[in-house]
Amino acid sequence: MGNRTVSDKWAALDQNDPLGSMRDKFHIPDGVIYLDGNSLGCLPRAAVTRMKDVVAVEWGNSLIRGWNDHNWIDMPVSVGNKIGRLIGAALGTVVAADSTSVNLTKALSAALQMRPDRKVILSDRGNFPADLYIAQGIARVFGPEYKLKLVEPEDVESALDETVAVMMITQVDYRTGRMHDMAQLTKRAHNVGAVALWDLAHSAGAVPVDVSATQIDLAVGCGYKYLNGGPGAPAFVYVRPDLQANIEPFLSGWMGHAAPFDFDLDYRPSEGIGRMTVGTPPILGLSALDAALDVWDDVDMGEVRAKSIGLCDLFIAEVEARCGKFGLHLASPRDSARRGSQISFHCPNGYAVMQALISEGVIGDFRQPDVIRFGFTPLYIGYGDVGRAAMILERVLVQELWRNPSFQTRAKVT
Ligand SMILES: *Cc1c(COP(=O)(O)O)cnc(C)c1O
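Residues numbered from 1 in each chain as written. Predicted model: local features only at pLDDT ≥ 70, side-chain atom pairs only at ≥ 80, totals over all residues. Heavy atoms only, no water.

1. Examining the site of the ligand
Alright, step 1. Surrounding the ligand, one finds S99, T100, S101, F128, D131, T170, D199, A201, H202, Y224 and K225.
Alright, step 2. Within the contact set of the ligand, an oxygen atom lies 3.5 Å away from a backbone nitrogen or oxygen of T100.
Alright, step 3. The side chain of S101 places a nitrogen or oxygen atom 2.6 Å from an oxygen atom of the ligand.
Alright, step 4. For the ligand, the accessible surface in isolation is 390 Å², of which the surrounding protein chains cover 86%. (Near = heavy atom within 4 Å. Polar contact = N/O pair within 3.5 Å; in protein donor to acceptor, adjacent residues only side chain to side chain. Areas by Shrake-Rupley, 256 points an atom, 1.4 Å probe, with all protein chains shown as cover.)

Here it is as structure tokens:
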């Protein structure tokens, strides 16, 4: 098919897209095809108006009164409830707070306290290193008999045994998009008496998740990726309702106290999920995230998933057909049921190729050692974007645009 014919086909797909109108809710810079919403989601237009209001009016005029008058104090729970809707969590089981790393610290320490006789944290080598660093630090603080055991992603299930205190798994692999079966692994973990702790950083807003149906114990996730909460947005932590009362918070902060403004000398955790909060909530960040979450009000996650698969499959087909001869190989599972909403390719000179691609207006990112990675966010990416991105990648390779010396030096953030 000629390029004209295929672009007509993409346009037809976009015309019939039930999520097509969602794109207008985002600011997308001119000339950019943004395939990096898995690292930092696009700016929701509602966040702009909300930020103006919260800064100029709420902060500017209400000052300290804002904590009560604008319900700032309840935002960790109210924003948490909006996230909860996207991951199948009941009201009062999620708080928006801190970073993913800090929430993992809280959740992992809680999990270890739930199984005092066991000393093993089980995770896999595909996990995001940030999570492994946290686990290493927690193990050190808990004591020398604690250890982090790492296995290959496909071996997690067989590595679950009665020594494992907690299975700490990131559902969607940041590098390849490979997705673990949450229901099956959780069931297996529970069969051997282990706590199931899931990191949903690349899942929330990307794939349908049901923390209630799968009965997972604890979860954490990210606010700035598919939830579009802005750079460094507050993250979230979920605790299954029946476990909340028994959690002894490791970070026993005053915001998680039963009565912070009693100023008791002794810590007493609040009822429920509130005990997972620590210090004063960041109201500006929470406000942007809150506005970003309203975008999801009428969105059906089933439609998001169907489109995500359509976009990813189209990208694989176009890139393989156009760029396969340049040594690109699919790094993601070909079976859409086994991956999240991103596609990666092993690519010779991957870093320079990605820099050249970015300079041509297609933004993805690079991950060690040779992976070029593309995130597909169905709320604001269309089939035409995906097809054009593959054509531009082909041009970068055919014309060897990546050889430009300015694309060879690594920046701090890749
Ligand atoms: C993005 C991501 C993080 C980021 O954690 P921060 O505390 O926000 O830096 C952690 N874990 C996983 C699995 C991620 O994908």
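Structure shown, so let's carry the discussion forward.
2. Points about the sheet that holds strand β8 (residues 195-199)
Paired through their backbone hydrogen bonds, the strands of a sheet run either parallel or antiparallel.
Alright, step 1. Within the open sheet, the 7 strands sit side by side as β4-β10-β9-β8-β7-β5-β6. Their pairing is mixed. Both outer strands of the open sheet, β4 (94-97) and β6 (147-151), are each paired with one neighbouring strand and no more. On average, each strand axis in the sheet is tilted by 20 degrees relative to the strand beside it, whichever way the strands run.
Alright, step 2. Here 5 bridges tie strand β7 (residues 164-170) to β8, and the two strands are oriented parallel to one another. Across the sheet, the residue bridging to I169 is W198, located in β8.
Alright, step 3. Across the sheet, helix α8 (residues 182-191) is in contact with β7 and β8; its angle to β8 comes to roughly 150 degrees. (Pairing = 2+ DSSP bridges. Helix = DSSP H or I, 4+ residues; strand = E, 2+ residues; numbered from the N terminus. Axes fitted to C-alpha atoms, helices over the stretch in contact; angles between N-to-C directions. Contact = heavy atoms within 4.5 Å.)

3. Here we look at the packing of helix α1 (residues 3-15) against helix α13 (residues 383-398)
Alright, step 1. Viewed as axis vectors pointing N to C, α1 and α13 meet at an angle of 150 degrees, and their least axial separation amounts to 7 Å. Taken as axis vectors, α1 and α13 run roughly antiparallel relative to one another. When α1 is examined against α13, the residues N3, W10, L13 and D14 are found in contact with a partner set consisting of Y383, G384, G387, R388 and M391.
Alright, step 2. Within the contact of α1 with α13, the residues separate by chemical class into 4 nonpolar, 3 polar and 2 charged. (Parallel < 35°, antiparallel > 145°, perpendicular 65-115°, else oblique. Nonpolar A, V, L, I, M, F, W, Y, C, P; charged D, E, K, R; others polar.)

4. Notes on the sheet that holds strand β14 (residues 365-367)
Alright, step 1. Taking strand neighbours across the sheet as the criterion, the 4 strands line up as β11-β12-β15-β14 in an open arrangement whose pairing is antiparallel. The open sheet has two edge strands with one neighbour each: β11 (329-330) and β14.
Alright, step 2. When β11 meets strand β12 (residues 342-346), the two strands line up antiparallel, connected through 2 bridges. Residue pairing in the sheet places H329 in a bridge with H346 of β12.
Alright, step 3. This element, helix α11 (residues 301-323), spans β11, β12 and β15 (371-375) of the sheet and lies at about 20 degrees to β12.
Alright, step 4. Lying on the sheet, helix α12 (residues 350-359) is in contact with β14 and β15; it crosses β15 at an angle near 40 degrees.

5. Here we look at the layout of surface pockets
Alright, step 1. Of the volumes computed, that of the largest pocket is approximately 550 Å³.
Alright, step 2. Together, 28 residues line the largest pocket, and S39, F128, Y224, R367 and R373 are the ones closest to its centre.
Alright, step 3. Listed by contribution, the elements that provide at least two residues to the lining of the largest pocket are α5 (100-114), α6 (129-142), α12 and β14.
Alright, step 4. It is α12 that provides the largest number of residues to the lining of the largest pocket, a total of 4 residues. (1 Å grid on protein atoms, 1.4 Å probe; cavity = no way out; pocket = protein on both sides within 12 Å on 5 of 7 lines; lining within 4 Å. Points joined across faces, edges and corners; volume = space filled by probe spheres on them.)

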